[in-house]
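Understanding the architecture of this molecule
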Amino acid sequence: MSDVALCWWMYGNNVHPVPAHYKYDWWIFWEESPVDSDELIFNEQYRVCTAEASALYARLMNERTTFFVYSAKRPRLDPANPFDPDAEKWKGAEWAHPLVIDPDPFVTEGPWAGHK
């Protein structure tokens with residue numbers, strides 16, 4: 001190991017700058033993860049919100065721990081977004097709550113500030 005953290009973005013790393021457009025779900029794997037492989041990746045039991053992912057990301061970087069980040073995004077049913085839920089593109093989409101009623105905490109600083 002070196003004295004720098006190594007983070008690999010394995011799936012999805014471009015967070016949209018407008019928090020009202022998408023909800024992001026995160027899975028982070030590192031040496032202390034409770035499980036690995038298919039048990040972890042995209043398993044709802046181990047999903048964390050953006051605020052939790054942001055805090056864990058910062059902690060692991062600070063500790064210089066190697067880790068992998070996976071994310072998935074869902075469009076929000078929010079009047080502030082430009083999506084037409086009836087459009088063909090969104091058929092079968094899993095819609096997230098509007099930002100204003102999303103129960104997850106806000107990220108207060110860093111590149112994901114304003115997201116939940």
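Presented here is a report on the structure given in the accompanying data block. (Residues numbered from 1 in each chain as written. Predicted model: local features only at pLDDT ≥ 70, side-chain atom pairs only at ≥ 80, totals over all residues. Heavy atoms only, no water.)

1. Section: the pattern of salt bridges
The criterion, for reference: When a carboxyl oxygen of Asp or Glu is within 4 Å of a side-chain nitrogen of Lys or Arg, the pair counts as a salt bridge. Each helix corresponds to a stretch of at least 4 residues labelled H or I by DSSP, and each strand to a stretch of at least 2 residues labelled E; elements are numbered beginning at the N terminus. Each residue gets one of three labels from its accessible area relative to the maximum for its type: buried under 20%, exposed over 50%, partly exposed in between, using a 1.4 Å probe on protein chains only.
A full pass over the atoms with the stated rule returns nine salt bridges. With its nearest N and O atoms 3.4 Å apart, the salt bridge here joins Asp-25 to Arg-47. Here the residue Asp-25 occupies a position in strand S2 (residues 22-30), and Arg-47 occupies one in the loop between S2 and helix H1 (50-62), the gap between them amounting to 22 residues. By relative accessible area, Arg-47 is classed as partly exposed at 27%. Ionic pairing is found between Arg-74 and Glu-94, a salt bridge with its closest N-O pair at 3.6 Å. Of this pair, Arg-74 sits in strand S3 (residues 67-75) while Glu-94 sits in the segment after S3, and the two are 20 residues apart along the sequence.

2. Describing the pairing of S2
Applicable threshold: Strand pairing is assigned whenever DSSP identifies at least 2 bridges connecting the two strands.
Counting buried positions along S2 yields eight of nine residues, so the element is predominantly enclosed. By the bridge criterion, nine bridges tie S2 to S3 in an arrangement that is antiparallel. Bridge pairing links Trp-26 to Ser-71 in S3.

3. What to know about the environment of Asp-25
Let me state the cut-off plainly: Here a polar contact is recorded for every N or O atom pair within 3.5 Å, except that within protein the pair must consist of a potential hydrogen donor and a potential acceptor, and residues adjacent in sequence are included only if both atoms are side-chain atoms.
By relative accessible area, which is 4% here, Asp-25 ends up buried. Separated by 17 residues in the primary sequence, Asp-25 and Phe-42 have C-alpha atoms spaced 8.6 Å apart. Separated by 3.4 Å, the side chains of Asp-25 and Arg-47 make a polar contact.

4. Some points on the packing of aromatic side chains
Note the threshold: Two aromatic rings, drawn from Phe, Tyr or Trp (for Trp, its six-membered ring), form a pair once their centres lie within 6.5 Å of each other, and the interplanar angle then sorts them: stacked below 30 degrees, edge-to-face above 60, tilted otherwise. Distance and angle both matter: a charge sits over a ring if NZ of Lys or CZ of Arg is within 6 Å of the ring centre and within 35 degrees of the ring normal.
Using the criterion set out here, one finds 12 aromatic pairs in the structure. Ring centres of Trp-27 and Phe-42 lie 4.9 Å apart, and the angle between their planes is 70°; this geometry places the pair in the edge-to-face category. Residue Trp-27 is located in strand S2, and its partner Phe-42 is located in the loop between S2 and H1; the two are separated by 15 residues in the primary sequence. The exposure class of Phe-42 is partly exposed, given its relative accessible area of 37%. Taking 5.5 Å as the distance between ring centres and 55° as the angle between the ring planes, the aromatic pair formed by Trp-90 and Trp-95 counts as tilted. Through a chain of ring-to-ring contacts, the aromatic side chains of Tyr-22, Tyr-24, Trp-26, Tyr-57, Phe-67, Phe-83, Trp-90, Trp-95 and Trp-112 assemble into a single cluster. Across from the ring centre of Tyr-22, 4.2 Å away, lies the NZ or CZ of Lys-73, which sits over that ring. The aromatic ring of Phe-106 is capped on one face by Lys-116, whose charged end is 4.4 Å from the ring centroid.

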